[in-house]
Amino acid sequence: LASATPQLLVSTGAGEVMASDVEGGRLLLVRGVPGNRSDVEVRDTTTGTLTAARRMDGRVTAGLLVGDEVWLTLVRAAAGSVEVLSAASLLTAGQVQLRAEPTALTRVDEGVAVGTAEGLEVYTLRRELAARLTLGNVQSLASARGRLHVIAAGLLLEVQLDAALNATVVGAAQVPGATAV
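Sequence positions are assigned chain by chain, starting from 1 and proceeding in written order. In keeping with the predicted nature of the model, local features appear solely for residues at pLDDT of at least 70, side-chain atom pairs appear and are counted solely at 80 or more, and the whole-chain, interface and lining totals rest on all residues. Just so you know, side-chain values use all the structure's heavy atoms and leave hydrogens and water out.

## Side note on the nonpolar core
Here is step 1 of the chain: Put simply, a nonpolar core is a bunch of buried Ala, Val, Leu, Ile, Met, Phe, Trp, Tyr and Cys residues held in one set by side-chain atoms that sit within 4.5 Å of each other. Relative accessibility decides the category of a residue: with a 1.4 Å probe and only protein chains considered, values under 20% of the type maximum give buried, values over 50% give exposed, and everything between is partly exposed. Counting residues in each nonpolar core, the largest one holds 19 residues, and the members touching the most others are L120, V122, L148, V150, V159 and L161.
Here is step 2 of the chain: Should any heavy atoms of two residues lie within 4.5 Å, those residues are considered in contact. Discounting chain neighbours no more than four positions away, the residues touching V150 are L135, V138, S140, L141, L155, L156, L157 and V159.
Here is step 3 of the chain: With 15 residues, the next largest nonpolar core counts A19, L28, L85 and L90 among its residues.

## Some details on the confidence of the model for the chain
Here is step 1 of the chain: By definition, pLDDT measures how confident the predictor is in each residue, and it falls between 0 and 100. Across the chain, the average pLDDT comes to 91, with 92% of residues at 70 or higher.
Here is step 2 of the chain: Confidence over residues 1-11 falls short of pLDDT 50; this stretch has 16 contacts with residues more than four positions distant or in other chains.

## Digging into the sheet that holds strand β5 (residues 59-66)
Here is step 1 of the chain: A pair of strands is labelled paired if DSSP reports no fewer than 2 bridges between them. Numbering goes from the N terminus for both helices and strands, where a helix is a DSSP run of H or I of at least four residues and a strand is a run of E of at least two. Across the sheet, four strands lie side by side as β5-β6-β7-β8; this open sheet has antiparallel pairing. Since the sheet does not close on itself, it has two edges, and those belong to β5 and β8 (92-97), each with one partner. The sheet shows a mean angle of 20° between the axes of neighbouring strands, taken without regard to direction. Interaxial angles span 0 to 180 degrees and are taken between N-to-C directions of axes, which are lines fitted to C-alpha atoms, for helices over the stretch in contact.

## Some words on empty space enclosed by the protein
Here is step 1 of the chain: A 1.4 Å probe that fits but cannot get out identifies a cavity on a 1 Å grid over protein atoms alone, an open set with protein on both sides within 12 Å along at least five of seven lines counts as a pocket, and a residue lines either if it has an atom within 4 Å of a point. Grid points are joined across faces, edges and corners, and a volume is the space filled by probe spheres set on the points. Taken as a whole and judged by the stated rule, the model has one cavity of 30 Å³ or more.
Here is step 2 of the chain: Surrounding the largest cavity, R99, T116, E118, G119, L120, E121, R132, L133 and T134 form its lining.
Here is step 3 of the chain: When residues of the lining of the largest cavity are traced back to their parent elements, those giving at least two are β11 (119-124) and β12 (129-134).
Here is step 4 of the chain: Classification convention: Asp, Glu, Lys, Arg as charged; Ala, Val, Leu, Ile, Met, Phe, Trp, Tyr, Cys, Pro as nonpolar; all other residues, Gly among them, as polar. Per-class residue counts for the lining of the largest cavity are two nonpolar, three polar and four charged.

## Brief notes about the pattern of salt bridges
Here is step 1 of the chain: The working definition used for a salt bridge is a side-chain nitrogen of Lys or Arg within 4 Å of a carboxyl oxygen of Asp or Glu. Evaluated as defined, the whole model comprises twelve salt bridges.
Here is step 2 of the chain: Note that D21 is salt-bridged to R107, the shortest N-O span being 2.3 Å. Pair noted here: D21 is in strand β1 (residues 17-23) and R107 is in strand β9 (residues 102-108), with a separation of 86 residues, a long-range link.
Here is step 3 of the chain: Since its relative accessible area comes to 13%, D21 is described here as buried.
Here is step 4 of the chain: With its nearest N and O atoms 3.4 Å apart, the salt bridge here joins E121 to R132. Remark: R132 occurs in strand β12 and E121 occurs in strand β11; sequence separation between them is eleven residues.
Here is step 5 of the chain: The exposure class assigned to R132 is partly exposed, which follows from its relative accessible area of 34%.
Here is step 6 of the chain: Connected through shared salt-bridge partners, D21, E23, R26 and R107 make up one network.

## Description of the sheet that holds strand β14 (residues 147-152)
Here is step 1 of the chain: Strand order in the open sheet formed by four strands is β13-β14-β15-β16, and the pairing between neighbours is antiparallel. Since the sheet does not close on itself, it has two edges, and those belong to β13 (138-144) and β16 (167-174), each with one partner. Geometrically, the sheet is characterised by an average inter-axis angle of 20° between neighbouring strands, direction not taken into account.
Here is step 2 of the chain: Sheet topology note: the β13/β14 ladder contains six bridges and is antiparallel. Residue pairing in the sheet places S140 in a bridge with I151 of β14.

In structure tokens, the structure reads:
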């Protein structure tokens, strides 16, 4: 699997790869195309077979495979949203309007965290807002064991998530110039 996935990224189309993710034998690939659009593909990681494809209006900034769904952060005319699609068909399953342009996306226990130009928003898998923190422009997110690591406004922040996905900043360190966690 690990050796096949990079080859799929190279051999499956033209355009800059804006997002990719691998989960459960599936590869999500999102490529930017001219005209502020994005091509979204789901492929089998073993064979490279295309299982679903869709062209979307707007610029996808991040994407995840989450169970039977694809979660994409999308920017259209400076407004941001999270588009939730069926992984099998890429038909729309739901949408969340964001207060600010999305910048990052990561899985958390029983939910998804979205970085935005204003801070952090955490959603349940039912697409309900569980937490919102104003942290400044989020550049990067990573999660592990109920904690988020966030780079925002020149700081590396540690955010604790409880079982209900409530978020609390529990640590911070200055990291001038850092762009990824």
